[in-house]
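What follows is each chain in one-letter form.
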Amino acid sequence: MKDHKFIISGFGGQGVMSLGMMLAYGGMLEGKEVTWLPSYGPEMRGGTANCNVVISQKPISSPVVTKATSVVAMNLPSLIKFEKNVIAEGNLFVNSSLINEKTSRKDIHDYYIAANDIAIEMGNDKAANMVLLGFILAETQAISLKSVEKVIEKLFQNKKALIPLNIKALNIGYEFN
Amino acid sequence: MTVVFKKSVGLTDTEQHYCPGCTHGITHRLVAEALEELNVLDETIGVSPVGCSILAHKYFAIDMCEAAHGRAPAVATGLKRVHPDKVVFTYQGDGDLASIGTAEIIHAAHRGENFTTIFINNAIYGMTGGQMAPTTLVGQIATTAPKGRDPKHCGFPLKVSEMLATIEGAVYVERVSVDTPANIRKAKKAVKKAFEIQLSGEGFSFVEILSTCPTNWGMNPKDSMEWLKENMIPYYPLGNLKKPQEAR
Amino acid sequence: MAKVLMKGNEAFAAAAIKGGCKYFFGYPITPQNEIPEYMSRELPKIGGCFLQAESEIAAINMVYGASCAGARVMTSSSSPGIALKQEGISFLASAELPCVLINVSRAGPGIGGIQPGQADYYQSTRGGGNGDYQVLVYAPASVQEAVELTANAFEIADYYRNPVMILGDGMIGQMMEPVELKEPIIRDASPKTWALTGTGGQRTHNTIKSLALEPDDLEEINLKLKAKYDVIQEKEVQYEAYNLDGAEIILVAYGTVSRIAKAVIDDLAALNIKAGLIRPITLWPFPYKAFNDLPATTKSVMSVEMSFGQMIDDVKIAVNGRVPVDFYGRTGGNVPSPEEIVCKVKEILGGAES
């Protein structure tokens with residue numbers, strides 16, 4: 001397996017940190033090496049938040065991702081800031097509910113998914129990150145859908161009512177095409 | 001032979017290094033006697049400051065440590081948090097407590113740390129050789145105020161007890177003096193009261209003791225006592241500034 | 001025990017509790033705030049005490065007090081905060097008091113930035129405060145190593161009656177990795193008969209001090225400390241030697257940078273350049289002996305740091321003129337990329353050939 005290196009970015013409250021953490025957690029459950037590195041400091045107080053996730057079979061040299069196999073942009077500033085970081089033939093996932101623009105790059109795979117619209121239709125806008133995560137899993141095969149479902153069950157063990165909603169959103173994203 | 005007087009068992013036999021006429025000897029005795037009378041010498045941990053009384057740990061027959069300049073209240077906080085059932089006190093001078101250690105004393109009081117501070121105010125830096133302290137009186141000569149303290153240049157003397165009395169966590173604040181036998185008796189009562197308050201777990205207790213420094217004041221011991229009475233007491237009035245029932 | 005995904009800072013805190021820490025005194029500073037936050041939640045549950053001090057200076061002096069009292073105590077901070085704590089660290093070292101210090105370091109000088117830095121090497125290994133003294137300094141390269149070094153630090157501090165510092169960086173503190181918390185390795189430390197507990201009428205009174213006005217008395221204390229430091233230098237050195245056989249160039253890096261150096265070694269292998277790594281785990285005592293038997297193939301030893309060159313001084317002492325010592329560093333919170341380092345290595349080796 002080649003390394004998966006993600007940059008996941010959006011504004012505070014969109015669940016970009018938890019999206020990244022679920023990827024890392026799922027990778028760990030599969031016995032892989034993982035790192036999750038958040039942006040921190042004043043930029044966390046509103047504005048853009050992002051995290052880097054690396055999933056690998058080998059010990060990870062650097063948790064810092066500059067050459068991403070996948071960039072996930074949940075808002076426009078994220079797209080502008082990070083589209084250049086996608087490697088050639090890498091993936092760019094764009095939340096088209098909030099971003100009307102398309103990338104100008106021709107050497108990458110770009111995907112547009114209206115995560116918020118799908119989540120609202122499904123019943124909860126807050127699950128947009130789960131819709132996107134499901135879609136990312138389907139396209140990258142970084143880790144299995146099953147592993148993330150296990151992560152959701154663990155993370156929400158004290159808020160069990162939220163488990164079906166999140167798993168549903170994840171699956172809708174996974175099956176979206 | 002009948003014993004009519006003996007020094008407290010809270011003091012060691014070590015010869016004290018203090019200058020002739022210095023009142024540290026008296027205040028050490030008051031602390032030791034108070035702890036002895038409360039029967040807690042074996043349960044007490046003291047913190048000595050940086051200043052003339054840094055060697056207090058040689059004179060008290062109790063567990064003690066030195067603290068960095070001004071930090072005794074932080075050190076005492078660490079000690080007391082580990083041993084809440086022991087009696088903990090700091091013994092600090094005015095350079096240590098009222099200058100470099102203002103943050104530490106204010107926040108120890110602010111947290112209501114259940115220890116006692118004995119604050120020796122002699123209006124000057126003693127050990128370093130007579131430099132101006134925050135407590136040096138207006139017009140008083142110091143080696144770093146050769147023409148006397150000028151409030152326009154360096155402010156008015158700091159009234160620490162008044163300041164601490166405004167803090168909720170400080171439950172007992174009293175200013176005393178050791179210039180006369182009568183005042184020494186009152187000082188002893190205050191010191192003992194402060195430890196009693198600590199033993200009852202009520203919070204931070206503080207006794208400011210107006211003291212002399214004949215060497216750095218450039219006076220003989222007798223004139224020093226007179227000077228204290230005539231100059232310090234009017235600016236630093238004696239009495240209780242706060243009792244437990246006044247604290248919320 | 002199964003692995004858990006933990007943020008470095010929380011892992012430091014959890015490992016400290018595993019290592020016996022019961023008291024924590026600290027002051028907020030980025031990027032280490034998850035440590036005091038974790039301690040404020042967890043220490044009360046085990047009958048310990050967390051206290052937020054009014055300043056870093058007060059915090060380290062509370063640590064001093066708690067250590068005098070015989071407790072296992074810790075503080076954490078980040079670079080400028082550690083600078084403020086140097087007064088207390090010097091006092092702790094002087095009075096031979098054990099404690100654990102965590103520095104989740106950031107780029108400086110001054111308030112600097114909040115991104116990772118390694119410019120605290122001098123501050124940590126040269127005695128950031130006044131006087132002749134040393135603290136043991138451990139530099140973890142992963143969250144797993146951070147928990148192991150932190151859990152063991154309390155035993156080591158008690159054993160030597162000396163402060164122990166864990167020098168991480170913003171990256172180690174902020175990132176999440178899978179970790180397994182392990183039991184600390186027990187040392188045979190003497191009982192703390194020196195601690196201030198009140199005499200209880202059972203012994204003569206204890207005194208903990210650092211003042212010694214007579215030069216001969218103070219020199220005796222200095223020599224006693226020196227003897228202890230000599231033992232530590234002999235017994236406590238830890239390092240990793242990686243891929244040294246036949247290496248044309250040996251990289252020297254610690255913490256976060258050492259991970260990147262390993263990626264560089266792979267990249268260089270693809271270019272038919274053999275490179276190795278010496279990774280100090282203890283920064284003090286520095287692993288000079290790791291450099292004793294450099295391979296005959298080695299043309300350069302290169303220190304790679306997130307500073308403009310601090311550890312390189314120790315590398316030069318270790319190499320002692322046998323081969324050139326080179327350097328690559330990034331500062332300001334920038335983390336060197338493998339590509340930059342590869343480029344520098346090619347430049348050095350290319351230059352050696354011409």
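Report on the accompanying structure. (Residues numbered from 1 in each chain as written. Chains lettered and ligands numbered in written order. Predicted model: local features only at pLDDT ≥ 70, side-chain atom pairs only at ≥ 80, totals over all residues. Heavy atoms only, no water.)

**Overview of the interface of chain C and chain A**
Interface size, as often reported, equals the accessible area lost upon joining of the parts. Taken together, the contact between chain C and chain A spans 22 residues of the former and 19 residues of the latter. Summed over both partners, the interface of chain C with chain A comes to about 1,600 Å²; 69% of that surface belongs to carbon and sulfur atoms. When residues of chain C are sorted by the area they lose upon contact with chain A, L5, M176 and R259 of chain C head the list and together hold 32% of the total. The tally of links from chain C across to chain A stands at 4 residue pairs in polar contact (both at pLDDT 80 or more). Within the residue set of the side of chain C that touches chain A, elements represented by two or more residues are β1 (4–7), α7 (170–174), β8 (176–179) and α9 (255–270) of chain C. Looking at the side of chain C that touches chain A residue by residue, the class counts come to 12 nonpolar, 4 polar and 6 charged. (Contact = heavy atoms within 4.5 Å. Buried area = accessible area lost by both parts, 1.4 Å probe. Polar contact = N/O pair within 3.5 Å; in protein donor to acceptor, adjacent residues only side chain to side chain. Helix = DSSP H or I, 4+ residues; strand = E, 2+ residues; numbered from the N terminus. Nonpolar A, V, L, I, M, F, W, Y, C, P; charged D, E, K, R; others polar.)

**Comments concerning the sheet that holds strand β14 (residues 300–305) of chain C**
Residues and elements named next belong to chain C. Taken in spatial order, the 5 strands make up an open sheet running β10-β12-β11-β14-β15, and their pairing is mixed. One side of each edge strand has no neighbouring strand; the edge strands of this open sheet are β10 (239–242) and β15 (325–329). Along the sheet, successive strands turn relative to each other by an average axial angle of 20°, direction set aside. Of the strand pairs in this sheet, strand β11 (residues 249–252) and β14 are connected by 4 bridges, and their pairing is parallel. (Pairing = 2+ DSSP bridges. Axes fitted to C-alpha atoms, helices over the stretch in contact; angles between N-to-C directions.)

**Thoughts on the sheet that holds strand β5 (residues 170–177) of chain B**
Backbone hydrogen bonds hold the strands of a sheet together, and the pairing may be parallel or antiparallel. One open sheet accounts for 8 strands, arranged β7(B)-β5(B)-β6(B)-β4(B)-β3(B)-β1(B)-β2(B)-β9(C); its pairing is mixed. Every interior strand has two partners, whereas the edge strands, β7 (239–242) of chain B together with β9 (207–208) of chain C, have only one. The pairing of strand β3 (residues 87–93) of chain B with strand β4 (residues 116–121) of chain B spans 5 bridges and is parallel. For G93 of chain B, the partnering residue across the bridge sits in β4 of chain B and is I120 of chain B.

**Observations concerning the pairing of β8 of chain C**
Residues and elements named next belong to chain C. Of the two faces of β8, both are covered, the one formed by M176 and P178 as well as the one formed by E177 and V179. Here β1 pairs with β8 via 4 bridges, running antiparallel. For M6, the partnering residue across the bridge sits in β8 and is E177. (Buried < 20%, exposed > 50% of the residue type's maximum accessible area, 1.4 Å probe, protein only.)

**Quick notes on the packing of aromatic side chains**
Enumeration over the complete set of coordinates arrives at 20 aromatic pairs over all chains. The interplanar angle of 90° and the centroid separation of 6.0 Å between the aromatic rings of F93 of chain A and F135 of chain A together place this pair among those described as edge-to-face. Of this pair, F93 of chain A sits in strand β5 (residues 86–95) while F135 of chain A is found in helix α4 (residues 128–140), placing the two residues 42 residues apart along the sequence. On the numbers, 4.6 Å between centres and 55° between planes, the contact of W217 of chain B with W227 of chain B is tilted. Separated by 10 residues along the polypeptide, W217 of chain B in helix α9 (residues 214–217) and W227 of chain B in helix α10 (residues 221–235) bring together distant segments of the chain. The class for W227 of chain B is buried, based on a relative accessible area of 18%. Here the aromatic residues F93, Y111, F135 and F176 of chain A are joined through ring pairs into a cluster of three or more. Directly above the aromatic system of Y159 of chain C lies the positively charged group of R187 of chain C, at a separation of 6.0 Å from the ring centroid. (Phe/Tyr/Trp six-rings, centres within 6.5 Å; stacked < 30°, edge-to-face > 60°. Lys NZ or Arg CZ within 6 Å of the ring centre and 35° of its normal.)

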